[in-house]
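Now for the letters of each chain:
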Amino acid sequence: MDNSTWLEETEVDDLALYDLTRNELRRLTGDHFPADFDLEEAITAYAYFACIVVKNRGKDWETTVQDYAELAVRNARSDSEAEKIELDLLRTDLARTTGRLLDVGAGWGRFGDLYAACGLQAFFVEPFDLGCRLMRRNGLTRSACCPGQQLCFPADSFQGVVIGWVLHHDAPDVPATGLLGEIGRVIAPGGWLYSVEPLSDDFDEEKWRELVTAAGFVVEKMEIFFDMPLPENRHERYGYLTAAKPVE
Ligand SMILES: C[S@@+](CC[C@H](N)C(=O)[O-])C[C@H]1O[C@@H](n2cnc3c(N)ncnc32)[C@H](O)[C@@H]1O
């Protein structure tokens, strides 16, 4: 039985679908990269996104994996370069955070190793069941399956919150204002917000700053750290923002 028939005829478990998607992406993309290029981070990310599209939007698995394989071939080198800068920025600033840290919309727990290396006690929230299961499988057990606009923590619980690649969606099920309102509630006064987003005409520097400020934070810095080339000579700017919750 081929993969498509198996998927159509079986109620496939999320983790099994994810593992199958990883294998297929590896098969479709491997020949396009030199042997010393580490493709695994890209495979992890694209397999996760492909599974979201298949599970949440009911898209056909085979077409979706093919689309993500093409994206990976085009973008994996730039993705890897951008991620190194992103991790360096976070690593530098997280050095001033002690105590408990929360990652909102943590996905599959991409920043887990970074938090451990920084000696932080990190908690993770993620609404997509696959993300929560992947975090648990990877040993990130302080994780809760819930949306960021309904955080299951008391006020002032964290010294820092990271939210990466979530706010720019700003949709009814990903409400940027609701997310930042809850984040503002659970960060203790004097604590820090660390936010990473791709910027575009729909979600630009001004909108980002306004949303963060309206939630009661004081923006410390906002910088563009990567210019991602897109087809047809377009570009996407990757931005990093830090902001403090004032001490009353
Ligand atoms: C692009 S991924 C980024 C994952 C992770 N933050 C990272 O940087 O690798 C966006 C994540 O936001 C999650 N998400 C979607 N709606 C959300 C919500 N209302 N609250 C929190 N996270 C949400 C998605 O399920 C997905 O895991």
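Reference entry: report on the structure contained in this document. Values in this document were obtained by computation on a predicted structure and should not be read as measured data.

**Regarding the overall build of the protein**
- Scanning the protein for helices and strands turns up eight helices and seven strands.
- Taken against the 2.2 N^0.38 rule, which gives 18 Å for 248 residues, the C-alpha radius of gyration of the protein at 18 Å falls within 12% of a compact globule.
- Within the protein, the fraction of its 248 residues that count as buried is 48%.
- Considering only contacts within the protein whose residues lie at least 6 apart along the sequence, 66% involve residues at least 24 apart.
- The centroid of the 24 positive side-chain charges in the protein is displaced by 4 Å from the centroid of its 44 negative side-chain charges.

**Things to note about the sheet that holds strand 7 (residues 234-244)**
- Reading across from one edge, 3-2-1-4-5-7-6 is the order of the seven strands in this open sheet, with mixed pairing throughout. Of all strands in the sheet, those bounded by a partner on one side alone are strand 3 (143-144) and strand 6 (218-230).
- Judged from the two bridges that link them, strand 2 (residues 121-125) and strand 3 form a sheet pairing that is parallel. Along strand 3, the bridge assignment pairs Phe 124 with Ser 143.
- Each of strand 1 (100-104), strand 4 (158-164), strand 5 (187-199), strand 6 and strand 7 touches helix 4 (residues 61-94); the most contacted strand, strand 6, lies at about 165° to it.

**Focus on the pattern of salt bridges**
- Following the criterion strictly, the structure yields 15 salt bridges and no others.
- A salt bridge links Asp 170 to Lys 207, with the shortest nitrogen-to-oxygen separation between them at 3.0 Å. Of this pair, Asp 170 sits in the loop between strand 4 and helix 7 (176-186) while Lys 207 sits in helix 8 (residues 205-214), and the two are 37 residues apart along the sequence.
- Judged by relative accessible area, Asp 170 falls into the partly exposed class, the value being 31%.

**What to know about unusual backbone geometry**
- Even without glycine at this site, Trp 165 takes up a positive phi of about 65°.
- Counting through the fold element by element, Trp 165 comes out in the loop between strand 4 and helix 7.
- What makes Trp 165 partly exposed here is its relative accessible area of 25%.
- Even without a glycine there, the phi angle at Glu 232 is positive, about 60°.

**Some thoughts on the site of the ligand**
- For the ligand, the set of nearby residues contains 20 residues, the closest of which are Tyr 48, Gly 105, Arg 110, Glu 126 and Gly 164.
- Bound to the protein, the ligand loses 90% of the 590 Å² it would expose on its own.
- Along the lines of polarity and charge, the residues of the shell around the ligand split into twelve nonpolar, five polar and three charged.

**Quick look at helix 2 (residues 14-29)**
- Across its 16 residues, helix 2 extends 22 Å between first and last C-alpha, which sits within 8% of the 22 Å expected from 1.5 Å per residue.
- Here helix 2 starts with a cap whose side-chain oxygen sits 3.0 Å from the backbone nitrogen of Leu 15, and that cap is Asp 13.

**Some thoughts on the packing of helix 2 against helix 6 (residues 129-137)**
- Across the interface, helix 2 lies against helix 6 with an axial gap of 10 Å and an inter-helix angle of 80°. Judged by the angle between their axes, helix 2 and helix 6 are roughly perpendicular. Within the contact between the two elements, helix 2 uses Asp 14, Leu 15, Tyr 18 and Asp 19 and helix 6 uses Asp 129, Leu 130, Arg 133, Leu 134 and Arg 137.
- Here the residues of the contact of helix 2 with helix 6 are counted per class, giving four nonpolar, no polar and five charged.

Procedures and definitions
- Residues numbered from 1 in each chain as written.
- Predicted model: local features only at pLDDT ≥ 70, side-chain atom pairs only at ≥ 80, totals over all residues.
- Heavy atoms only, no water.
- Helix = DSSP H or I, 4+ residues; strand = E, 2+ residues; numbered from the N terminus.
- Rg over C-alpha atoms; globule rule 2.2 N^0.38 Å.
- Buried < 20%, exposed > 50% of the residue type's maximum accessible area, 1.4 Å probe, protein only.
- Contact = heavy atoms within 4.5 Å.
- Lys, Arg positive; Asp, Glu negative; His and termini not counted.
- Charge placed at Lys NZ, Arg CZ, Asp CG, Glu CD.
- Pairing = 2+ DSSP bridges.
- Axes fitted to C-alpha atoms, helices over the stretch in contact; angles between N-to-C directions.
- Salt bridge = Lys/Arg side-chain N within 4 Å of Asp/Glu carboxyl O.
- Near = heavy atom within 4 Å.
- Areas by Shrake-Rupley, 256 points an atom, 1.4 Å probe, with all protein chains shown as cover.
- Nonpolar A, V, L, I, M, F, W, Y, C, P; charged D, E, K, R; others polar.
- Expected span 1.5 Å × (residues − 1).
- Polar contact = N/O pair within 3.5 Å; in protein donor to acceptor, adjacent residues only side chain to side chain.
- Parallel < 35°, antiparallel > 145°, perpendicular 65-115°, else oblique.

Just distances and angles here, no functional claims.
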